[in-house]
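# Structure at a glance
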Amino acid sequence: MAKTSIAALGLSNKVFFVFILLLFGLTSGMSIFTAQFWGKQEVGPIRKVLGMSILVSTLIALLFSLAATLMPQTVLGFTRTTPK
């Protein structure tokens, strides 16, 4: 039982790592836009960038959450390195 739990944790960590990478890339890109607008003293576009960042991050999180909840075997199957 313990070996199975540790294996499942290792597989799910790979999926979580991809999720974190996507969010990190998105927020890093959005922070560049924010810095540019801040340098030009334009606050309005910063609010739009922040709104887009929150919306897209939420959609990505929802997608990963639904996939992990509704079809966990399929999602974890993407990370499998040995054939069936």
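Below is a summary of the structure that appears in this document. On a predicted model such as this, the values are computed, not experimentally measured, just so you know. (Residues numbered from 1 in each chain as written. Predicted model: local features only at pLDDT ≥ 70, side-chain atom pairs only at ≥ 80, totals over all residues. Heavy atoms only, no water.)

### As for the packing of aromatic side chains
Using the criterion set out here, one finds two aromatic pairs in the structure. Between F19 and F64 the ring centres are 5.2 Å apart and the planes differ by 50°, which places this aromatic pair in the tilted class. Of this pair, F19 sits in helix α1 (residues 2-39) while F64 sits in helix α2 (residues 44-70), placing them 45 residues apart in sequence. Overall, the relative accessible area of 14% leaves F19 in the buried class. Taken together, the ring pairs in this structure connect F16, F19 and F64 into an aromatic cluster. (Phe/Tyr/Trp six-rings, centres within 6.5 Å; stacked < 30°, edge-to-face > 60°. Helix = DSSP H or I, 4+ residues; strand = E, 2+ residues; numbered from the N terminus. Buried < 20%, exposed > 50% of the residue type's maximum accessible area, 1.4 Å probe, protein only.)

### A few points about the environment of M52
By the element assignment, M52 lies in helix α2. We classify M52 as partly exposed; its relative accessible area is 45%. In this structure, the C-alpha to C-alpha distance between M52 and A68, residues 16 residues apart in sequence, is 24 Å.

### Observations concerning the nonpolar core
Judged by nonpolar contacts, L26, M30, F37, I46 and V49 together constitute the single largest core of five residues. Put simply, the parts of the chain that give this core at least two residues each are α1 and α2. When residues in this core are grouped by element, the largest group, three residues, is from α1. Leaving out residues up to four positions away in the same chain, I46 has contacts with T34, F37 and W38. (Core = buried A, V, L, I, M, F, W, Y, C linked by side-chain atoms within 4.5 Å. Contact = heavy atoms within 4.5 Å.)

### Notes on unusual backbone geometry
At Q41, a position not held by glycine, the phi torsion is positive, near 60°. As for its placement among the helices and strands, Q41 is situated in the loop between α1 and α2.

### Some points on the side chain of S53
Along the chain, S53 turns up in helix α2. The class for S53 is buried, based on a relative accessible area of 10%. Apart from residues lying up to four places away in sequence, S53 is in contact with L26, T27 and M30.

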